[in-house]
Structure formats: structure tokens, C-alpha cells
Amino acid sequence: MNNACKLEQQRLSWRNSEYSEVNVRVSKLWRLFDVIKENERQIVAALHADLGKSEFEARASEISMVLDEITMMARNLKNYAADEPVSTSLLNWPATGRILREPYGQVLIFSAWNYPFQLMMVPLVGAVAAGNCVVLKPAEQASATAEVLEKIIRESFESEQVMVVQGGRETAEELLKHRFDYIFYTGGENGGRAVMRAAAEYLTPVTLELGGKSPCIVDADAKLDLSAKRIVWGKFMNAGQTCVAPDYLLVHKSQKKILLERMAHWIRVFYGENPEQSPDYSRIINTTHFDRLLKLYPEAVSNRAIRYIAPTLIKNLSKDHAVMQEEIFGPLLPIFQFEDLDEAVNFVNERPKPLALYYFGKSGTETILRETSSGGVCINDTVAHLLNPAMPFGGVGESGHGVYHGKWSFDTFTHFKPVMKKSVLIDLPMRYPPYTGQKLKMLKRLTK
């Protein structure tokens, strides 16, 4: 059966299914939880095969995040999905109002290759919780993880509810020719534009989780050793292949020398004198991206045979250098200095709005929050803000639009349908023509 027939069969079967029942959704989420737990070793092995991730990093940044998301969603779903009574205006008296939460219908989710398990499963949890049927398109670059993911989906859901479609760019383009009720895309800007163009054909709503050049600012009053440790951790985890990794560093000129010394120290502490031999340092996903990174900065220490690029601090570059023209998405960190915070703010604001912004310091916090725009802000840390399901995660401008995580995942895949029920016992004549002067006076009184 080709994909077109499978998609239509899923849509028709879902309409007559029981998946809209909240209790059924909750049981399916717990079933997914159990299957993931049963396959943890396979997930860890797949992430190591695809990206060289250590077991700790695979569990911390992928598996645990998904399990936490399922637990939170399953425990709170009845409250999230409940009808919400709302008031009605005097102009509609007598009447009652409520908001129904209903699924969009058939949802298409694209994941990215850098966190191929987590970036597929977290939006899936929201889509299933909201009662949708789902088509998943894993990232073909992370093929080992895609295979394990498909196995987990088969063991957790009927295909009428969730199905996986494997393939490359041609498969993605074919899927986008079909009508969906919602599209959720995680990836780069060019892919996001392609999704938007395809979605316009059917006016399909979309969420785009993209990226961009996320700045990291270290001010004059920052705690330098702690700042250095947290910047190195956030930048070089997964070999820099993180959509919210610090993409470039702006440091106050009075702190630059010491900060760089401490960053070099923490690189050695985390990954040893030779990170190529560290079991905790990941690899570049494939040779295509390896070559792209080396083209941006050929001086980086590297080994193409094993897709290794060393953690690289880049000093004394022009602001027009190639590494500043696109999201790096690798272990290269350009470093610039500034004399006052306004200079740093202007540097950030001259570029497209980033997915994340990091500020280390105290005195300039409110200036940063007031005078810059970004998907999210993290003060005195990097990356960790997206681990909190009590806050939404998403971009702004070219870094994306729409949010998810926690309740926001449920809301993203839910249509909020307003329902007003009007009384048939009373029918006020004021709203009907002819509109006399007396009626106009009454309207003015009601709308003061």
C-alpha cells in the first residue's frame, strides 16, 4: 500500500475510533512510557551509532526528557482536556458559554537529526494527548534511531492512530503534497520555508521549531569560572549540534582573558587533553555536515574518518567571517569583546531574532530582557531552560513560531472551540430592526 492510501486509511479510521476519549489517550501515553522503558538499551545504542552520544547524554537529553513529558501529560490530561465554562456578554443574555478542546485531526510531525528521539517523541506526546492521529517522519540522517523509533511506535499504537513514514527528502516532499490538519516541523530555516510553502496550499496551521545564531553575553560582573563551565557544557554537548547551543560569545573586554583561560580549563576537565578519545564527546552526524563545518573554519582540529571536530574557541575573527553568516550547529565558538552592554545589545539586534539568548551577569539583566527579542532567555546558564516543562519552548521571527513542552504541547495540537448556548425562552427585541432611538440609548448604556 502506498503512502497516499495509508494516509487516507488512517484519516478515515481515526474518525470512527475511540482515540478522542481522554481515558483512552491516557492509557496510550502510559503504554508508550512502558515501551520506551523496555527499549532503553536499544535507544542508547542507536544514539551512539548515529551521533556518538554517551549513555549519560542519551538518557539526560533524550530519554529522560520524553519520559518526564509523558508522565506530566498523563497525570494532568483530564484537567487539560476538560471543557472550560466562560461568561457571556450582556448583549447575549440570557446564554451560557464554554470552550471545548478538540483535536485538529491528522497531524504530520517532522523531527530533526541532532536529538532524533526526543525531538520526535515530545511533540508526539502532545499530539496524542490532544486526541489526534499522527504521521511521523523521522530524520533519515539518524537512521539507527529512526529504526528503533519505528519499532517503539509499532509496539505502542495502532497505525490508525500513529504511523511512521521513513525516507529522505523525496519522501518529505511527497508527504507535504497531502492535506493535513496540522504540521509540526523541527529543523533548519530552509526546511521551514518549504513546509510553510506547502502548508499554504491547504492553509494548514504549522509550528516551526528552527534555530539561528543564539548569542551568549558575559558581562563585567559575571562569575567567570561558573560562567565558563556552563558555557562549555551548553556549547559542546552533542558536539555543538544543539539548536539552542551558544552560537557566538560576546564578552566584556575586562573579562575576556580570564574567561577564555577558564573555558579552556573546563574543556580539558570535561573531555581530557584529547577530546577525540573522550567517551563523552559526540561526533558530527555525517561527512556532509563535517565538510560544511570545516569549510566555515578549516583551522579546526579534526579527523574526517571518525567525523571528529575538536571543541574550538575562535578568537580575533572579523564579524563578517563565514562562521557569522549562518547557524554553526557544531563545536565552533566565535568570541568577540565589547566595552559596554549597549554595544553587545546592538550586535545582537543587528541580526535575526535568535531561538535563545544567554546572559551571564547581574547588572544588565533587565536591559537584556527589555531591549532584545529571542525565543527564550536564560540568565547565568545555557540550554537548561528548555528542560523545564512548566515553560513554553519555541522561537520568534526567523527562529520559528509556535511553542510546545508541557501543557503548551497539548495546546499546540488542540483546537479551542467556543460554544454559546442561547436561551429559547427569552428573545430580547433590542437587536432586531428597526433600530429606534430608544434602542440606541439602551445599547450605549450596555456598552459603557
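Right, let's walk through the structure included here. (Residues numbered from 1 in each chain as written. Predicted model: local features only at pLDDT ≥ 70, side-chain atom pairs only at ≥ 80, totals over all residues. Heavy atoms only, no water.)

### Structural notes on the overall build of the protein
Next up, step 1: Across its full length, the protein carries 15 helices and 19 strands.
Next up, step 2: With the principal axes as the frame, the protein shows a C-alpha extent of 80 × 55 × 35 Å.
Next up, step 3: A total of 448 residues make up the protein; the buried ones form 53% of that total.
Next up, step 4: Partitioning the contacts of the protein with sequence separation of at least 6, the portion at a separation of at least 24 is 71%.
Next up, step 5: If you sum the accessible surface of the protein, you get close to 20700 Å²; carbon and sulfur atoms cover 53% of it.
Next up, step 6: Seen as two clouds, the 53 positive and the 52 negative side-chain charges of the protein have centres 6 Å apart. (Helix = DSSP H or I, 4+ residues; strand = E, 2+ residues; numbered from the N terminus. Buried < 20%, exposed > 50% of the residue type's maximum accessible area, 1.4 Å probe, protein only. Contact = heavy atoms within 4.5 Å. Areas by Shrake-Rupley, 256 points an atom, 1.4 Å probe, with all protein chains shown as cover. Lys, Arg positive; Asp, Glu negative; His and termini not counted. Charge placed at Lys NZ, Arg CZ, Asp CG, Glu CD.)

### With respect to the sheet that holds strand β12 (residues 312–314)
Next up, step 1: Across the sheet, 6 strands lie side by side as β12-β13-β9-β8-β14-β15; this open sheet has parallel pairing. Edge positions in the open sheet fall to β12 and β15 (376–379), since each of these has one partner strand only. Each strand of the sheet is rotated relative to its neighbour by a mean of 20 degrees, with strand direction disregarded.
Next up, step 2: Relative to strand β9 (residues 248–252), strand β8 (residues 215–218) runs parallel, the two being bridged by 4 bridges. Its bridge partner lying in β9, Val 218 is registered against Val 251.
Next up, step 3: The sheet strands contacting helix α10 (residues 256–271) are β8, β9, β12 and β13 (332–338), and the helix crosses β9 at an angle near 135 degrees. (Pairing = 2+ DSSP bridges. Axes fitted to C-alpha atoms, helices over the stretch in contact; angles between N-to-C directions.)

### Focus on the sheet that holds strand β17 (residues 400–401)
Next up, step 1: Overall, mixed pairing links the 6 strands, which are arranged β5-β4-β3-β6-β7-β17 in an open sheet. If you trace the sheet from one side to the other, it starts and ends with β5 (162–164) and β17, each paired once.
Next up, step 2: Sheet topology places strand β3 (residues 106–110) next to strand β6 (residues 182–186); 4 bridges connect them, and they run parallel. Across the sheet, the residue bridging to Ile 109 is Phe 184, located in β6.
Next up, step 3: Against the sheet, helix α1 (residues 3–15) touches β3, β4 (133–137) and β5, its axis set at about 155 degrees to β4.
Next up, step 4: On top of the sheet, helix α6 (residues 143–156) reaches β4 and β5; it is set at about 155 degrees to β5, its chief contact.

### Thoughts on the packing of helix α2 (residues 22–38) against helix α5 (residues 118–129)
Next up, step 1: In contact at an axis separation of 9 Å, α2 and α5 are set at 160 degrees when each is read in the N-to-C sense. In terms of orientation, α2 lies roughly antiparallel with respect to α5. Contact with α2, carried on its side by Arg 25, Leu 29 and Leu 32, involves Met 121, Leu 124, Val 125, Val 128 and Ala 129 of α5 and no other residues of that element.
Next up, step 2: Its residues assigned to classes, the contact of α2 with α5 shows 7 nonpolar, no polar and 1 charged. (Parallel < 35°, antiparallel > 145°, perpendicular 65-115°, else oblique. Nonpolar A, V, L, I, M, F, W, Y, C, P; charged D, E, K, R; others polar.)

Everything listed here is a matter of geometry and, on its own, says nothing about what the molecule does.
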